[in-house]
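Structural features, examined
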Amino acid sequence: MKPSLFKRFAVAFAVLAAGSILSAAAGEAAGEAAPGVVQHASAVGMDYIPTIFVFMLSTFVGLDVIRRVSRLLHTPLMSLTNAISAIAVVGSILIAGQQHAEYKFNILGMVAIVASISNIVSGFLITDRMLKMFKKRGGSKP
Amino acid sequence: MNIWIQIAYLISTALFIFSLKWMNDPKTARRGVAAGVAAMLVAVIGTLINPAIVASNYKWIALAIIIGSAIGVPLSWVPLTAVPQRTALSHAFGGLAAGLVGVAEFYLSFSESGQELSHFRAAALCAEVLLGFLTFTGSLMAAGKLQEIIPTRPITYKGQKIVNLGLFAVAIICCIVLSTDVNYKFIFPFIIALALLFGVLLIIPIGGADMPTVISILNSYAGLSAVAMGFVMDNKLLITAGALDGSSGLILSIIMCKAMNRSFGNVLFGAFGKVQAAAADAAKKTVKSATPADAAQIMEQANTVVIVPGYGMAVAQAQHRVRELYDQLTKRGITVKFAIHPVAGRMPGHMNVLLAEADIPYTDLVEMDDINPEMPQVDVVLVVGANDVVNPAARTNKSSPIYGMPIINADKAKTVLAIKRSMNPGFAGIENELYYADKTLMVFGDAKAVVGDLVKYLSGENS
């Protein structure tokens, strides 16, 4: 990727993040004014803004780290990030583990755990299996 | 908030970043996987110690983890030619998990205190469900096409773009309405249905050669749905890990698009492969063909041989035969290199993995940009199952659909040997002028059989 393209993405992303903060803030203000909308105390206000910062910074770190990944390893990279995207297991465990009024929520959570754990297990195993095959001349292992 | 949970999430995030950082070199890449596994373990343990989880539910979580592992372990045993399908299937699972969690969160927000949706959380939840279910059906379709359960030919109809964009617009409007006022909860099932439908419709017009880009985009979506889940749950680990995955998918899709000289929109809505009729007039030209014995003789007299592998090599499972050929040639002191086009195969880096599986040292796998300047000095180029990535029309013929796509300059080499089943045009349906050039000899037959014959000839003469 050329640096110019990267820069364009960075700018677009910053604008997008700023825009989402602004629009969310505007919506939040309107929501406060509107009667009849149920809102939790912590949900009012701007406590989501740190999460947007986290998202923006981690995307920059991600773009920069991934840009350096060897092209040789793009297939293992994809199965590795595939396993990493199964971090959704965190949300799944929280849904499945909490006490809910109805069992169906726990079941939804459990199905989600099954789906994400199978991703984690197969993703890491196959990535390692592929990486084992990349050898230098003379059969020495990396 | 339990401090230990946050510390676990912090460690996990750092480990994920290291994991990806170590992927920059094959030497440290396995350490990267270890870091990823450690990160995931820390994340799961950090979640399990959350006091919100009821003790009696641990056994159900354990059961789900066991079932998930029981599905995951066999999924990692697939042959390496099937890795694209497996990856697509995994993306589908990831999307499904995000979508289901989103559904649970949405309905819980009405029944449980402390879960009420602010506008921001409602918008994030819509994004999570939309991306999750879209990735689910889209990836299932992609996996079906790659496994050839579903016809791989792009399916197009009149007004396809309008239907797709219209559906997408409707979904966005539903999301906006729902995030303005969550009490319109009857809209929610429509968003799910639209996302599921949109995933299918998005993949229908996409053909095999565009799969590397599409898989990368779906990879990105799976990560972004995890990010959205993080916004809904106010969980920073979900956001960081999801963002790493999202940016990885983004970069891979940019690389793939650039390697085909096409834009995102063109890949998603362009329906490549509709142009068969346009290029039929070139069929009268003559080709020179050679037997495997002739081809072997030509290679024997070369100093440098460059092998250009393509999807055909994967289909024929010819990578181990190619390795034998590599051995025979290097034994005679001939320099052998492999020229890898970024979109060769059905997912990014597909050829590298197949050749690595066949024990070919990765130092001999050369990227397109590095091999092209050397091409005029190369004695023999052997094209194994590649087609469009060596088509000089991309450089010379302005009317060609692939004009402008970077290619491996096989035509600049002194001699070209191309292994091909028949003279049928490749996936994109474009005639390849390379096959009619004076310096080109066609060797007709199955890639595995032909390379096997080459090896037999070379080794037979040796004894």
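Only a predicted model underlies this, so the values are computations on that prediction, with no experimental measurement involved. (Residues numbered from 1 in each chain as written. Chains lettered and ligands numbered in written order. Predicted model: local features only at pLDDT ≥ 70, side-chain atom pairs only at ≥ 80, totals over all residues.)

Moving on, we come to the packing of helix α5 (residues 103–133) of chain A against helix α4 (residues 83–111) of chain B. Running from N to C, α5 of chain A and α4 of chain B cross one another at 155 degrees; their axes reach a closest spacing of 9 Å. Taken as axis vectors, α5 of chain A and α4 of chain B run roughly antiparallel relative to one another. Our pair here, α5 of chain A against α4 of chain B, has a crossing hand that is left-handed. Contact residues: α5 of chain A offers F105, L108, G109, V111, A112, A115, S116, S118, N119, S122, G123 and I126 of chain A, while α4 of chain B offers R86, S90, F93, G94, L96, A97, L100, V101, V103, A104 and L108 of chain B. Residue composition of the contact of α5 of chain A with α4 of chain B, by class: 14 nonpolar, 8 polar and 1 charged. (Axes fitted to C-alpha atoms, helices over the stretch in contact; angles between N-to-C directions. Helix = DSSP H or I, 4+ residues; strand = E, 2+ residues; numbered from the N terminus. Parallel < 35°, antiparallel > 145°, perpendicular 65-115°, else oblique. Left-handed = near helix turned anticlockwise from the far one by under 90°. Contact = placed C-beta atoms within 7 Å. Nonpolar A, V, L, I, M, F, W, Y, C, P; charged D, E, K, R; others polar.)

What follows concerns the interface of chain B and chain A. It is common to give the size of an interface as the accessible area that goes away when the parts come together. Counting residues at the interface gives 104 residues for chain B, matched by 89 residues for chain A. At 17 residues, helix α9 (residues 236–259) of chain B tops the list of elements feeding residues into the side of chain B that touches chain A. In the side of chain B that touches chain A, the residues fall into 58 nonpolar, 32 polar and 14 charged.

What follows deals with the confidence of the model for chain A. The predicted coordinates of low-pLDDT regions are not to be read in fine detail. The share of residues in chain A with pLDDT of 70 or more is 66%, and the mean pLDDT across the chain is 79. The model gives residues 33–44 of chain A a pLDDT under 50, and that stretch makes 14 contacts with residues more than four places away or in other chains. (pLDDT = per-residue confidence, 0-100.)

Turning our eyes to something else, we now look at the packing of α4 of chain B against helix α8 (residues 211–233) of chain B. Axis angle and axis distance: for two packed helices, these are the angle between their axes and the distance between the axes, and together they describe the pair. Residue and element names in this part refer to chain B. It is at 10 Å that the axes of α4 and α8 come closest, and there the two elements cross at 25 degrees. Regarding the angle of α4 to α8, the classification is roughly parallel. Of the two elements, α4 crosses α8, and the hand of that crossing is left-handed. For the pair formed by α4 and α8, the contact residues are P84, T87, A88, H91, G94, G95, A98, V101, G102 and E105 on the first element and M211, I215, L218, N219, A222, S225, A226, M229 and V232 on the second. The class makeup of the residues in the contact of α4 with α8 is 11 nonpolar, 7 polar and 1 charged.

This paragraph deals with the nonpolar core. The biggest cluster of nonpolar side chains holds 205 residues, and the ones touching the most others in it are I87, A88 and I113 of chain A together with L130, V308, V383 and V384 of chain B. For this core, the leading source of residues is helix α5 (residues 119–146) of chain B, giving 18 residues. Filtering out sequence-adjacent residues up to four positions away, I113 of chain A remains in contact with V89, S92, I93 and A96 of chain A together with I61, A64, I65 and G68 of chain B. (Core = buried A, V, L, I, M, F, W, Y, C linked by C-beta atoms within 7 Å. Buried ≥ 20, exposed ≤ 12 C-beta atoms within 10 Å, placed from the backbone.)

Time to look at the sheet that holds strand β2 (residues 335–340) of chain B. Residue and element names in this part refer to chain B. Strand order in the open sheet formed by 6 strands is β3-β2-β1-β4-β5-β6, and the pairing between neighbours is parallel. Each having just a single partner strand, β3 (365–367) and β6 (440–444) make up the two edges of the open sheet. Neighbouring strand axes in the sheet, compared pairwise and without regard to direction, differ in orientation by 25 degrees on average. Here 5 bridges tie strand β4 (residues 380–384) to strand β5 (residues 415–420), and the two strands are oriented parallel to one another. Bridge pairing in β5 places V380 opposite T415. Where helix α14 (residues 350–357) meets the sheet, its contacts fall on β1 (304–309), β2 and β3, and the angle it forms with β2 comes to roughly 145 degrees. (Pairing = 2+ DSSP bridges.)

All names here are of chain B. Of the residues in chain B, 94% reach a pLDDT of 70 or more, and the chain-wide mean stands at 88. Across residues 272–282, where pLDDT falls below 50, the model places 21 contacts with residues more than four positions away in sequence or in other chains. The complex model carries a pTM of 0.88, and its ipTM stands at 0.88.

To continue, consider the pairing of β4 of chain B. Residue and element names in this part refer to chain B. Of all 5 residues in β4, 5 are buried; the element is thus mostly enclosed. Side chains V380, L382 and V384 of β4 all project onto a buried face; the interleaved residues V381 and V383 project onto the opposite face, where all are buried too. With 5 bridges connecting them, β1 and β4 associate as parallel partners. Bridge pairing in β4 links V308 to V383.

It is worth spelling out unusual backbone geometry at this point. All names here are of chain B. Despite not being glycine, E148 has its phi angle at roughly 65 degrees, a positive value. Relative to the helices and strands, E148 resides in the loop between α5 and α6 (160–180). In this model, D234 sits at a positive phi of 55 degrees, which is unusual for a non-glycine residue. Relative to the elements of secondary structure, D234 occurs in the loop between α8 and α9.

Further remarks concern the pairing of β2 of chain B. Residue and element names in this part refer to chain B. Across 4 bridges, the pairing between β1 and β2 is parallel. Among the inter-strand pairings, I307 is bridged to a residue of β2, identified as F338. Pairing of β2 with β3 involves 3 bridges; the strand directions are parallel. Directly across from F338, in β3, lies its bridge partner L365. The parallel pair β2 and β3 is bridged by α14, and the resulting crossover is right-handed. (Right-handed = clockwise from strand over helix to strand, strands pointing away.)

With respect to the helices and strands, V78 of chain B occurs in the loop between α3 (58–75) and α4. With near-sequence residues (within four places) excluded, V78 of chain B lies in contact with V83 and R86 of chain B.

Moving on: helix α11 (residues 292–300) of chain B. Each turn of an α-helix holds 3.6 residues, which means side chains three or four residues apart point in the same direction. Turning to α11 of chain B, its buried residues number three or more, namely P292, A295, A296 and M299 of chain B. Looking down the long axis of α11 of chain B, one finds its buried residues gathered within 100 degrees of arc, a one-sided arrangement. (Arc of directions from axis to C-beta.)

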